[in-house]
Amino acid sequence: MKFGHKLQVKIDGYDKKGRGLAKAEIAPGIERDIAVPHSAKGDELECVFIKRDHAVKICEIDKIQKAGADRVEPVCEHAGKCGGCIWQHLRYEAQTAEKMRGVRELFAKLDLEDKVLDAIPAVETLYYRNRMDYAVGWNGEIGLKETGSWNRYVDVKECHLLQPGAGEILQIVREWMLKHDLQPWDVKFHSGDVRYVVIRDGVATGERMVIIVVADASRLSNEAKQSLKNAVGTNPMWSSLLIGEQPKPADLSYAESFEVLGGKESITEIVNDVTYEIHPNSFFQTNTKMAARLQDVVLSAISDAKTKKLLDLYCGLGFFGIAAAKKIGEIEEVIGYELDEEAIKLASQNMNLNGVGERCRFFSGPAEALEWKDVEADTLILDPPRSGLHHKVIKTLLSEDSPIYPQTIIYVSCNYHRLEHELPSFMEHYEIESIQPLDLFPQTRHIETVTTLKRKADS
Ligand SMILES: C[S@@+](CC[C@H](N)C(=O)[O-])C[C@H]1O[C@@H](n2cnc3c(N)ncnc32)[C@H](O)[C@@H]1O
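Residues numbered from 1 in each chain as written. Predicted model: local features only at pLDDT ≥ 70, side-chain atom pairs only at ≥ 80, totals over all residues.

Caption draft 1: Structural detail: the overall build of the protein. When its secondary structure is counted, the protein shows eight helices and 21 strands. Projected onto its principal axes, the C-alpha positions of the protein cover 65 × 60 × 35 Å. Across the 459 residues that make up the protein, the buried fraction comes to 43%. Across the protein, the fraction of contacts at a sequence separation of at least 24, relative to all contacts at a separation of at least 6, is 64%. (Helix = DSSP H or I, 4+ residues; strand = E, 2+ residues; numbered from the N terminus. Buried ≥ 20, exposed ≤ 12 C-beta atoms within 10 Å, placed from the backbone. Contact = placed C-beta atoms within 7 Å.)

Caption draft 2: Expanded view of the environment of Gly143. With respect to the helices and strands, the residue Gly143 is situated in strand β8 (residues 142-143). The spacing of Gly143 and Met427 is 284 residues in sequence and 43 Å in space, taken between C-alpha atoms.

Caption draft 3: Examining the domain arrangement of the protein more closely. Considered domain by domain, the protein is made up of domain 1 (6-71), domain 2 (97-123 + 271-455) and domain 3 (131-268). If you average the C-alpha positions of domain 1 and of domain 2, the two centres end up 37 Å apart. (Domains from an automatic or database assignment.)

Caption draft 4: Quick look at helix α2 (residues 166-179). Along its 14 residues, α2 runs 20 Å from first to last C-alpha, staying within 8% of the 20 Å computed at 1.5 Å per residue. Buried within α2 we find Ala166, Ile169, Leu170, Val173 and Met177. The buried side chains of α2 occupy one side of the element, clustering within an arc of 95° when seen end-on. Among the exposed residues of α2, those pointing more than 90 degrees away from its buried face are Glu175 and Leu178. On its buried side, α2 packs onto β7 (131-136), β8, β9 (194-202) and β10 (207-214). Residue Asp181 follows α2 closely and has a positive phi angle near 55°. (Expected span 1.5 Å × (residues − 1). Arc of directions from axis to C-beta.)

Caption draft 5: Spotlight on the sheet that holds strand β6 (residues 56-66). Pairing is mixed in the open sheet, where six strands are placed in the order β1-β5-β6-β4-β3-β2. Unpaired on one side and paired on the other, β1 (6-10) and β2 (13-14) mark the two borders of the sheet. (Pairing = 2+ DSSP bridges.)

Caption draft 6: Focus on unusual backbone geometry. Residues other than glycine seldom take positive phi values, yet Asp111 does so here, at roughly 65°. Assignment of secondary structure puts Asp111 in the loop between α1 (92-109) and β7. Looking at Asp111, the number of C-beta atoms within 10 Å reads 10, which means it is exposed.

Here is the structure:
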């Protein structure tokens, strides 16, 4: 089949990337699976073969002949193109049903289907994020990457993921770039001035931080900085304005250094009465209202385990550990461990801010290099990045001569597909008590899971 080939298909499910899947006759008598981004189950479509993603043939919708039952009119004008919301054309209930089908199917492979609880649905399905990293495209677009592309961008006018007001900010930055002849970044040739516009919100505090990430901050004139400050001055929503510098050629939205043009260098967020100071580069759960539900689930598992000593591995700026120390009086000690040094500095600040400094200790370093012999824990939180646990962490934790034997492990994962590979090793020594999915990411294919593991009596 050549690019540009036209096909008639009916979508009968979705792949792991959230694309609709169909069987298509690519030549007389020869059927193959094809993937169609932004399609819905039941859709009857005319589509065009546009590219390959490894072995998968990707087709683009040309015409919807008959819409599937779950298809709805998206609220955003960029839906269907923008990589931010790949499922805005699906009813919310159909989104969670599809996510749960994937979760149940995976855990059925491990014979754990009966341990999967019903998903906790999102509190809000739009405007729920507290952080967005909008890229500046080589043609001057500011927004998100197109679905499936690394160098094509949607010029976002209004974004329905972040708290309202993002569109206005992006427009101010566009006009500011034109006025001062600042060039958009070219991700292919690594040239240009302005690379990302990162917006972070303290949803509970109403604070908003805007970070303009540039390749070389010394190229910004004082006049350009002043005019950006003036534009902000007319917009009380921005409580912090920073210029960040990222000189590396790789496509990175975080900055290596910052200049504060207005406000402070951090924002404050409050979740379930716990206050967190957040640095522009630090990880923080991106859906504040659902982060509160996630924290409830994790704290209830910690409390049920009658935890006295808690190890919070991959702790970030102390999101779970500090909340546990503050809310569960029986906890004697929390130790947090995390790669990002800035996050650890903030965790130490946050523990004092919440009055639990005497019962918490935070250290920075890679989890795979942790000297476990110095740590005592009856409950262990694991909340690794999307890539999952380092194999050394699993090996050390489960080895015969492991220095720690947590009775309870609470594994928080934003990528449940990793659990298929990781849980079997744990299951030699641990029973899986429950798997609680939570929808922290509406309009996307992602879902968070909290798996509670209990050490076997004879292990
Ligand atoms: C999903 S976040 C969770 C953070 C925290 N538990 C929270 O809820 O805010 C994963 C964290 O793992 C950290 N991380 C990534 N690689 C690591 C490693 N090798 N060792 C320790 N921490 C790591 C990241 O910096 C990030 O803060």
